[in-house]
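# Observations on the three-dimensional arrangement
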Amino acid sequence: MRKLYTGRIYTRKESPYYWMEINTEPKKIRESTKIPIKGGRKTEATALLNERLYKLNNGQKITDDILLCDYLESFLEVHKLKLKENTYNSYHQAIYNHIIPYFEPQKLYLRELNGDDITRFLYHLKTKGRFDGQGLSDKSVKNYRGVLAKALEKAVAEELIHRNPIKTSELPLSIMSQTESERETYEQEEVKQLLSSAKENNPDIYLFLMLVLNTGCRKGEILGLTWDKVDFEAMTIEIAQSRTGNRSAQTHKLKETKTRSSNRIIRINEELCNLLKEEYRSQQENRKIFGKQYIDDYDLVIRRIDGGMPSPNHINDKVYRAMKKAGLEKITVHDLRHTFATLVCEAGGNIWEVSKALGHSEVRTTDKLYVNRKKLTSQDITDKITSILS
């Protein structure tokens, strides 16, 4: 006797509707009933589940009935435990703040989605995708397209759709006309101007700027750097952890670096080494002054005067103030990392060594962004950036 499919009705914390789960092979089907929990309407939801089970048990396919937005919610739920916290948060933000609000009024089924639908969605993001009606940045548009692409790739793998419609979509012309290497960076003289000004006018952010511009580390990697990873004698820092946290989270914590290749030891120059020694001595003094009030959860290099973790957003604000004080055009903190790599490459840095310094998992990632001129060793990279900034 053929095995009959079964299912259940359940609720999800972030959804106002009853959901159904159908035990199909090899993957379970989860979708919203669109029947509100409020009002005690579980009987209706159960009736809808029984209708789906009847169709399935009588040889009728039910994948045609999956709405795009229901699938996206299910995709996010399944991947919650598979993704790193920051990645999951970015997926959640993209799906619930932008993708679902755009497509839900259309009541579009997963199988109906085509390249033109996605092209119109991307144009919407670029022209009026923000909550205030303004357009999103090119980077945000590409990021949200990437999240949608991942979800649709999974749908193809699960044979819910035959092909990924993202492949026939097009980015807005303003984005397509830009090359991967077109990004905001500072010139050598502008970097010197920023550091000189910050040293005099913004000393509370000077060490952070010196670290990012001398090593090319990510912001989270610098904020996650602890004193046990600093070797004053060898003049190196070890990148083995990163800071995590977002605007909605009041707590921040240390986590593993982005990828295995992100774990690396970076040589630092004498000036930066001396600056770190000064900061270490200063923190020891602060520890004595604050006594038991000193926050010592993590022995961080970059920390508040009371020892606490500085907010990543406050770091951004301090950097932008330093840029303004120096009379420079504002660029992102991450663009300072690109500035490091660009200056080293333009000075003749070897792409392999630059890639290792940046912690890229593949050299082609670096190769797409920067130009290679000649071979340099890791010590040469340190010497090169020291020469550039001196």
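Counting from 1, residues in each chain are numbered in the order their sequence is written. Only residues with pLDDT of at least 70 get local features here, since the model is predicted, and only at 80 or more are side-chain atom pairs given and counted; chain-wide, interface and lining totals rely on the full set of residues. The side-chain figures draw on all heavy atoms in the structure; neither hydrogens nor water molecules are used.

## Overview of the sheet that holds strand β4 (residues 230-231)
- With respect to topology, three strands assemble into an open sheet ordered β4-β5-β8, the strand pairing being antiparallel. Unpaired on one side and paired on the other, β4 and β8 (264-267) mark the two borders of the sheet.
- Where strand β5 (residues 236-239) meets β8, four bridges bridge the pair, whose relative direction is antiparallel. Bridge pairing links Ile239 to Arg264 in β8. Between any two strands, pairing holds if DSSP finds at least two bridges. Strands here mean DSSP runs of E at least two residues long; helices mean DSSP runs of H or I at least four residues long; both are numbered from the N terminus.

## Notes on the confidence of the model for the protein chain
- On average, residues of the protein chain score 83 in pLDDT, and 83% of them are at 70 or above.
- Confidence scores here are pLDDT values: one per residue, from the predictor, ranging 0 to 100. The contact rule is simple, with two residues in contact once any of their heavy atoms fall within 4.5 Å. Low pLDDT (under 50) marks residues 246-251, which in the prediction has four contacts with non-local residues, meaning those over four places away or in another chain.
- Across residues 371-377, confidence stays below pLDDT 50; counting only partners more than four residues off in sequence or on other chains, it has 21 contacts.

## Describing the sheet that holds strand β3 (residues 29-36)
- An order of β1-β2-β3 is seen for the three strands of this open sheet, with the pairing classed as antiparallel. The open sheet terminates on both sides in strands that have one partner only, identified here as β1 (7-11) and β3. Sheet twist, expressed as the mean angle between neighbouring strand axes with direction ignored, is 30°.
- Pairing between strand β2 (residues 17-22) and β3: five bridges, direction antiparallel. Bridge pairing in β3 links Met20 to Glu31. Only C-alpha atoms enter the line fits that serve as axes; for helices the fit covers just the stretch in contact. Angles between N-to-C directions range over 0 to 180 degrees.

## Let's talk about the side chain of Asn269
- Topologically, Asn269 is positioned in the loop between β8 and α10 (270-290).
- The rule is simple: take the accessible area with a 1.4 Å probe, protein chains only, and divide by the maximum for that residue type; under 20% is buried, over 50% is exposed, in between is partly exposed. On the accessibility criterion, Asn269 (8% relative accessible area) is buried.
- Polar contacts involving the side chain of Asn269 include one to the main-chain amide nitrogen of Leu272, which spans 2.8 Å. Distance and chemistry together define a polar contact, namely a pair of N or O atoms within 3.5 Å, with one atom able to donate a hydrogen and the other to accept it when in protein, and with adjacent residues in sequence counting only for side-chain atoms on both sides.

## Description of the environment of Lys318
- Within the secondary structure layout, Lys318 lies in helix α11 (residues 312-325).
- Using a relative accessible area of 27% as the deciding quantity, one classes Lys318 as partly exposed.
- Each C-alpha atom of the pair Lys318 and Ala198 lies 9.9 Å from the other, and the pair is 120 residues apart in sequence.
- Beyond its immediate chain neighbours, meaning those up to four positions away, Lys318 contacts Asp204 and Ile205.

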